[in-house]
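What follows is the residue order along each chain.
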Amino acid sequence: MEIIQARRLKQLPPYLFAQIDRMKQEVKAQGADIIDLGIGDPDQPTPEHIIEKLRQAGGNGENHRYPSYEGMAAFREAVAQWYGKRFNVALDPRDEVVSLIGSKEGIAHIPLAFVNPGERVLVPSPGYPVYKTSTLFAGGIQEIMPLTRENGFLPDFSKIPEKALSEARLMFLNYPNNPTSAVAEPAFFEEAVAMAKTSNIIICHDCAYSEIAFDGYRPVSFLEVSGARDVCIEFHSLSKTYNMTGWRIGFAVGNRDIVAGLGKIKTNIDSGIFQAVQWAGVAALQGDQQCVERMRKIYQERRDVLAAGLKSAGLDFDLPRATFYLWVCVPRGYNASEFTMHLLQKAGIVTTPGSGFGEEGEGYIRMALTVDKERMQEAVERIKKVGF
Ligand SMILES: *Cc1c(COP(=O)(O)O)cnc(C)c1O
């Protein structure tokens, strides 16, 4: 029998990180010492008090059964409390919060709730690849919003074609931004709210990096802006904030009808997050936040080592105020893939070509701050040695 994939699978580009992983394995097999600045996965362990909570809760039989779809009340209350403290935004834990099996899960599912086949979704490029693939899975059509350095890597709403605006159901935004590390000020979010209201577009704001910021800067929540609750769902993750990428826990908050639509999809697909992991999430959100402060310091030190090194090597980039990425201009004579291959084959350094985040990412590579200071220094030395 011939196994034939559905058209929606054939439409997909190869998943970027799987491809890079293959290249990395090849170079490794030749015996090279690899410094991996490729994937955005924190290298530090989850803080001990969170692990301890999982140990306790994992041993309790009450947690071994199906969890509730929308997340335990205790977890949703912890989210609402954290939001109140962190952003001064009051949320009703009963219907303005839903738990997610990582924010990627929610982002991948939301178009199924609000986009009919043939309808449009406004997607930033470069951007987190899931915005595009989730749009395709729902049968939607992506309308690209280019993020350019001249515009601070913010979309220019005035450049969206009138027809696309009138046909769009959703818009994805992501600040602090992966991969560009750009941040957005409240004035930009206010502009987005106004546009969303005029054109009847739901804003999906991906806020996965709200806690990874430097030099005392504290990113805002989209929901801090007046009127945002009428148009917005905001996605958060415990992955980056508490080094919990493997645990699969995140949440979405905001407009109750949007939250309910996503919830309806989820009740038909998954059965929630293991309760012991939700209790660990409660411990993370309610516990001492010193661990987050320590992590910010670690990334900031690495950022400073890498930035100083790249600068003296003659590479051009903006110093990130948030996220754990540097978005670096590719030097003359290379495209993004070629420069990535150059660094991998000549210096044993894994980076991500910007073009993997969408055509508009061509001309850049992304370097993640996910190795320690000493390795970062080693990476800098190697780049200076091999040149470009
Ligand atoms: C890491 C990341 C996520 C996904 O995080 P989860 O582990 O699924 O919670 C979402 N958006 C962006 C932009 C990310 O970089």
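These numbers come from a predicted model, not from an experiment. (Residues numbered from 1 in each chain as written. Predicted model: local features only at pLDDT ≥ 70, side-chain atom pairs only at ≥ 80, totals over all residues. Heavy atoms only, no water.)

Asker: Residue-level account of the pattern of salt bridges, with values.
Answerer: Tallying each qualifying case throughout the model produces 29 salt bridges. For E143, the salt bridge goes to R120, with nearest N and O atoms at 3.2 Å. Of the two residues, E143 is situated in strand 4 (residues 141–146) and R120 in strand 3 (residues 120–125); the sequence distance between them amounts to 23 residues. Of the residues examined, R120 reaches a relative accessible area of 18% and is grouped as buried. One connected set of salt bridges, linked through shared partners, spans D33, R375, E378 and R382. (Salt bridge = Lys/Arg side-chain N within 4 Å of Asp/Glu carboxyl O. Helix = DSSP H or I, 4+ residues; strand = E, 2+ residues; numbered from the N terminus. Buried < 20%, exposed > 50% of the residue type's maximum accessible area, 1.4 Å probe, protein only.)

Asker: Got a sec to walk through the sheet that holds strand 8 (residues 250–254)? Specific residues and values, please.
Answerer: The strand order 2-8-7-6-5-3-4 describes an open sheet built from seven strands, whose pairing is mixed. Because the sheet does not close on itself, it has two edges, and the strands there are strand 2 (97–100) and strand 4. In this sheet, adjacent strand axes meet at a mean angle of 25 degrees when their direction is disregarded. Inspection of the sheet shows strand 7 (residues 232–237) paired to strand 8 by five bridges, in the antiparallel sense. Paired with E234 across the bridge in strand 8 is V253. Where helix 10 (residues 256–267) meets the sheet, its contacts fall on strand 2, strand 6 (202–206), strand 7 and strand 8, and the angle it forms with strand 2 comes to roughly 35 degrees. (Pairing = 2+ DSSP bridges. Axes fitted to C-alpha atoms, helices over the stretch in contact; angles between N-to-C directions. Contact = heavy atoms within 4.5 Å.)

Asker: Just give me the short version of the sheet that holds strand 9 (residues 325–329), but keep the residues and values in it.
Answerer: As summarised here, the arrangement of the three strands in space is 9-12-11, forming an open sheet in which the pairing is antiparallel. Bordering the open sheet on either side are strand 9 and strand 11 (352–353), each of which pairs with just one other strand. Across the sheet, helix 12 (residues 290–313) touches strand 9 and strand 12 (364–368), and the angle it forms with strand 9 is around 10 degrees.

Asker: Account for helix 14 (residues 373–386), naming residues and giving values.
Answerer: Each turn of an α-helix holds 3.6 residues, which means side chains three or four residues apart point in the same direction. End to end, helix 14 covers 20 Å across 14 residues, agreeing with the expected 20 Å (1.5 Å per residue, within 8%). Along its buried surface, helix 14 packs onto strand 1 (35–36), helix 12, helix 13 (336–347), strand 10 (349–350) and strand 12. (Expected span 1.5 Å × (residues − 1).)

Asker: Lay out the packing of aromatic side chains with the relevant residues and their values.
Answerer: Tallying each qualifying case throughout the model produces 20 aromatic pairs. Ring geometry for F75 against F251: centres 6.3 Å apart, planes inclined by 70 degrees, an arrangement best described as edge-to-face. Residue F75 is found in helix 4 (residues 73–87), and its partner F251 is found in strand 8; the two are separated by 176 residues along the sequence. For the pair Y209 and Y325, a centre-to-centre distance of 5.6 Å together with 70 degrees between the ring planes defines the contact as edge-to-face. With a gap of 116 residues between them, Y209 in the loop between strand 6 and strand 7 and Y325 in strand 9 connect regions that are remote in the sequence. The ring centre of Y217 lies 4.1 Å from the NZ or CZ of R321, which sits over that ring. (Phe/Tyr/Trp six-rings, centres within 6.5 Å; stacked < 30°, edge-to-face > 60°. Lys NZ or Arg CZ within 6 Å of the ring centre and 35° of its normal.)

Asker: Can you tell me about the state of the cysteines, naming the residues and giving the values?
Answerer: Counted according to the given criterion, the structure contains zero disulfides. Considering cysteine sulfurs only, C232 is the nearest to C207, which forms no disulfide, with 9.0 Å between them. Classification of C232 by relative accessible area gives buried; the value is 0%. (Disulfide = S-S within 2.5 Å.)

Asker: Pulling in residues and values, what's your account of the site of the ligand?
Answerer: Close to the ligand lie 14 residues; D206, Y209, S237, S239 and K240 are nearest. Measuring from an oxygen atom of the ligand, one finds a side-chain N or O atom of N178 at 2.9 Å. At 2.6 Å from an oxygen atom of the ligand is found a side-chain nitrogen or oxygen belonging to S239. When isolated, the ligand has an accessible area of 380 Å², and the protein chains bury 93% of it. Looking at the shell around the ligand, the elements that each hand over two or more residues are helix 5 (103–114) and helix 9 (238–241). (Near = heavy atom within 4 Å. Polar contact = N/O pair within 3.5 Å; in protein donor to acceptor, adjacent residues only side chain to side chain. Areas by Shrake-Rupley, 256 points an atom, 1.4 Å probe, with all protein chains shown as cover.)

Asker: Which residues make up the pairing of strand 4, and what values go with them?
Answerer: Sheet topology note: the strand 3/strand 4 ladder contains six bridges and is parallel. Directly across from P124, in strand 4, lies its bridge partner M145. What joins strand 3 to strand 4 is helix 6 (residues 130–137), and the crossover it makes is right-handed. (Right-handed = clockwise from strand over helix to strand, strands pointing away.)

Asker: Can you break down the nonpolar core residue by residue, with the values?
Answerer: Judged by nonpolar contacts, the single largest core of 94 residues is most densely connected at M171, I203 and Y242. Element by element, the count of residues in this core is highest for helix 12, at eight residues. Split by domain, the residues of this core number at least three in each of domain 1 (7–45 + 290–386) and domain 2 (48–286). Setting aside residues no more than four positions away along its own chain, I203 makes contact with M171, L173, A192, M195, A196, F222, V231, C232 and I233. (Core = buried A, V, L, I, M, F, W, Y, C linked by side-chain atoms within 4.5 Å. Domains from an automatic or database assignment.)

Asker: Can you tell me about the domain arrangement of the protein, naming the residues and giving the values?
Answerer: Assigned domains within the protein: domain 1 (7–45 + 290–386) and domain 2 (48–286). Spacing between the C-alpha centres of domain 1 and domain 2 amounts to 25 Å. Contact with domain 1, which involves 36 residues of that partner, is made by 36 residues of domain 2. Around 3300 Å² of area is buried between domain 1 and domain 2 when both sides are counted, 59% of it from carbon and sulfur atoms. Among the ionic pairs, D316 bridges to R149, the shortest N-O distance being 2.8 Å. Here domain 1 is connected to domain 2 by 14 residue pairs in polar contact (both at pLDDT 80 or more). Elements with a minimum of two residues in the side of domain 1 that touches domain 2: helix 1 (7–10), helix 12, strand 9 and strand 12. (Buried area = accessible area lost by both parts, 1.4 Å probe.)

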